[in-house]
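# Structural overview for review
Residue-level listing of the chains:
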Amino acid sequence: MANIDYAREDSDPLNGGNHSEWYGAAVYAKYDFTDFFSASIRAEYFDDQNGVRTGIAQKLKEITLSPEFRIAKGLVVRPEYRHDWSDQNGFDSHKNTFSKKSQDTIALGVMYTW
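The following refers to the structure shown. (Residues numbered from 1 in each chain as written. Predicted model: local features only at pLDDT ≥ 70, side-chain atom pairs only at ≥ 80, totals over all residues. Heavy atoms only, no water.)

### So, the packing of aromatic side chains
Aromatic ring pairs are reported here in terms of the distance separating the ring centres and the angle at which the planes meet. We count it as follows: Pairing of aromatic side chains here covers Phe, Tyr and the six-membered ring of Trp, requires ring centres within 6.5 Å, and sorts the geometry by plane angle: under 30 degrees stacked, over 60 edge-to-face, intermediate tilted. What counts as a helix is a DSSP run of H or I of at least four residues, what counts as a strand is a run of E of at least two, and both are numbered from the N terminus. Buried residues are those whose accessible area, probed at 1.4 Å on protein chains only, stays under 20% of the maximum for their type, while exposed residues exceed 50% and partly exposed ones sit between those limits. Put simply, a charge is over a ring when the Lys NZ or the Arg CZ is close to the ring centre, within 6 Å, and near the line of the ring normal, within 35 degrees.
All chains considered together, the criterion is met by six aromatic pairs. An angle of 40 degrees between the planes, with centres 5.2 Å apart, marks the rings of Phe37 and Phe69 as tilted. Residue Phe37 is found in strand β3 (residues 37–48), and its partner Phe69 is found in strand β4 (residues 58–72); the two are separated by 32 residues along the sequence. In this structure Phe69 comes out as partly exposed when scored by relative accessible area, which is 25%. The interplanar angle of 25 degrees and the centroid separation of 6.1 Å between the aromatic rings of Tyr112 and Trp114 together place this pair among those described as stacked. Residue classification places Tyr112 among the exposed residues on the basis of a relative accessible area of 51%. What makes Trp114 exposed here is its relative accessible area of 87%. Counting every residue linked through ring pairs, the aromatic cluster contains Tyr31, Phe33, Phe36, Phe37 and Phe69. Against the face of Trp22 rests Arg53, its NZ or CZ located 3.9 Å from the ring centre.

So, in structure tokens, the structure goes:
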């Protein structure tokens, strides 16, 4: 799957009344290896050239890896690893300052459907 977004706002108050533009793109792929296990990968790009959506004029990228385990009927466990990076210092360094150009995130999702 692929996705492209483009937006423009005229007289943007967050940009001093000037026009603002931002755009992004994403690609996703998922493959079922077995009835028990699948894996997906996602990559995204976001250009906030005026800094009106993220607070900093920057180009952001991310990649996410998500294995999926179907443990039992209706029970899915999905760990996730995500790496984000920017061309600017846009990530918090745990000192309430934006002094890092990248960050890593690990998450775990558990879902039960019936």
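Continuing now.
### Remarks on the side chain of Arg42
This is how it is decided: For this analysis, a polar contact is any N or O atom pair within 3.5 Å, provided that within protein one partner can donate a hydrogen and the other can accept it, and provided that sequence-adjacent residues contribute only side-chain to side-chain pairs. By definition, residues are in contact when any of their heavy atoms lie within 4.5 Å.
Along the chain, Arg42 turns up in strand β3. One polar contact links Arg42 to Glu44, side chain to side chain, over a distance of 3.4 Å. A polar atom in the side chain of Arg42 sits 3.0 Å from the side chain of Glu62. In contact with Arg42, other than residues within four places in its own chain, are Val27, Tyr28, Glu62, Ile63, Thr64 and Arg82.

### Things to note about the pattern of salt bridges
For clarity, the threshold we go by: Should a side-chain nitrogen of Lys or Arg be within 4 Å of a carboxyl oxygen of Asp or Glu, the pair is scored as a salt bridge.
Tallied over the entire structure, the rule returns 11 salt bridges. Residue Asp10 pairs with Arg8 through a salt bridge whose shortest N-O separation is 2.9 Å. Across the pair Glu68 and Arg70 runs a salt bridge whose closest N-O atoms are separated by 2.8 Å. Look at Glu68 and you get buried, because its relative accessible area is 7%. Among the charged side chains, a network of salt bridges with common partners joins Lys30, Asp32, Glu68, Arg70 and Arg78.

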